[in-house]
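Structural characterization, general
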Amino acid sequence: MTSAIAERKKEEIATPQSGEPIRNRRVFVPLADIYETKDRLFILADMPGVDEQSIDITLEKNVLTINGFTTPNTENELKLVHCECPEGNYRRVFTLSEEVDRDGIEATVKNGVLKLILPKSQKSMTRKIAVKSE
Amino acid sequence: MFFQELASPFDSATQMQILQDRLSRLVNNIHESRNTEFPPINVWASEKSIVVVAEVPGIDAEDIDLQVCNQTVTLKTKRHLAEQEEGQTFHRRERGHGQFTRSIELPYAIDAETVNASFSNGMLRIEFTRAAADLPKKITVQAS
């Protein structure tokens, strides 16, 4: 049983919105899962070939930018005869709709998957208001 | 198609392809318009050896099952769903999960004993060397 979603080809980033890169390297949009619980927001992104040293995450106002840099992979004395995963960097930008507790952001990388945990800040969490009878 | 993949990202053919893909996605409103097999692989080859590199993000090394039979390599992988949290709601679900199988036929017989597979950061690299019996031999012609 194969999930159709996983068979998506690497999608290239559209350059006009994010400015043209200086280096002649392709930039791909990593596939991501986003889910949230009552108090936290989770982002999982597939970035094969990226380790904890080569990920750059910034949060400016409510714009979250994930950059992943890969090292070019060449094999000595061998010729590339078939290519389905062209090399390149990763970049994806998300606009967060809720206020996030900046100090509590956690980011981990395992087997080429980035996991971002963004705790919601106290003031944006839903509060139950008790109604008193007069 | 192969040459196009390798071409510079700024040449017109590649740009055209990117635009075409985005347009067809917009028009068809489907996400799976560019299907390809999972995991995607790159193959490097020479007369003596072959290197297959596969992108398998989110898969543990023990979930990779690699088998070589004659000239066919079969790669079986399993990707687990991320752990479920209490009361979670999904906003986006692009990463797939489940079992995947892919077979690759190699151009020549390989030595099954010297296969070297390594795995790091979601990239699987498998190195094959050509079987000694299969290597081309040079025959000297003697003048009689």
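Throughout what follows, the structure given in this document is the object of discussion. Throughout this description, residue numbers start from 1 for each chain and increase along the sequence as written. Chain A is the first chain written and ligand 1 is the first ligand written, with later ones labelled in order. Given that this is a predicted model, residues contribute local features only at a pLDDT of at least 70 and side-chain atom pairs are listed and counted only at 80 or more, while totals for whole chains, interfaces and linings are drawn from all residues.

**What to know about the pairing of strand S10 (residues 113–119) of chain A**
All names here are of chain A. What counts is decided by this rule: In this scheme, strands are said to pair when DSSP sees at least two bridges between them. What counts as a helix is a DSSP run of H or I of at least four residues, what counts as a strand is a run of E of at least two, and both are numbered from the N terminus.
Across seven bridges, the pairing between strand S4 (residues 40–46) and S10 is antiparallel. When the sheet's bridge partners are listed, leucine 44 is paired in S10 with lysine 115. The pairing of strand S9 (residues 106–110) with S10 spans five bridges and is classified as antiparallel. If you follow lysine 110 over to S10, its bridge partner there is valine 113. Count of turn residues in the S9/S10 antiparallel hairpin: two residues, of which asparagine 111 carries a positive phi of about 50 degrees.

**Points about the sheet that holds S9(A)**
Quick reminder of the rule: In this analysis, axes come from line fits to C-alpha atoms, helices being fitted only over the stretch in contact, and the angle between any two N-to-C directions falls in the range 0 to 180 degrees.
Taken together, five strands build an open sheet; the order of strands is S9(A)-S10(A)-S4(A)-S3(A)-S5(B) and the sheet is antiparallel. Each of the sheet's edge strands pairs with one partner strand only, and the pair in question is S9 of chain A together with strand S5 (89–93) of chain B. Taken pair by pair, the neighbouring strands of this sheet meet at an average axis angle of 15 degrees, ignoring direction. Pairing between strand S3 (residues 32–36) of chain A and S4(A): five bridges, direction antiparallel. Each residue of the ladder has a partner; that of A:Glu36, found in S4(A), is A:Leu41.

**Regarding the sheet that holds strand S1 (residues 11–12) of chain A**
The five strands lie next to each other as S1-S2-S8-S6-S5 (chain A), forming an open sheet whose pairing is mixed. Unpaired on one side and paired on the other, S1 and strand S5 (55–60) of chain A mark the two borders of the sheet.

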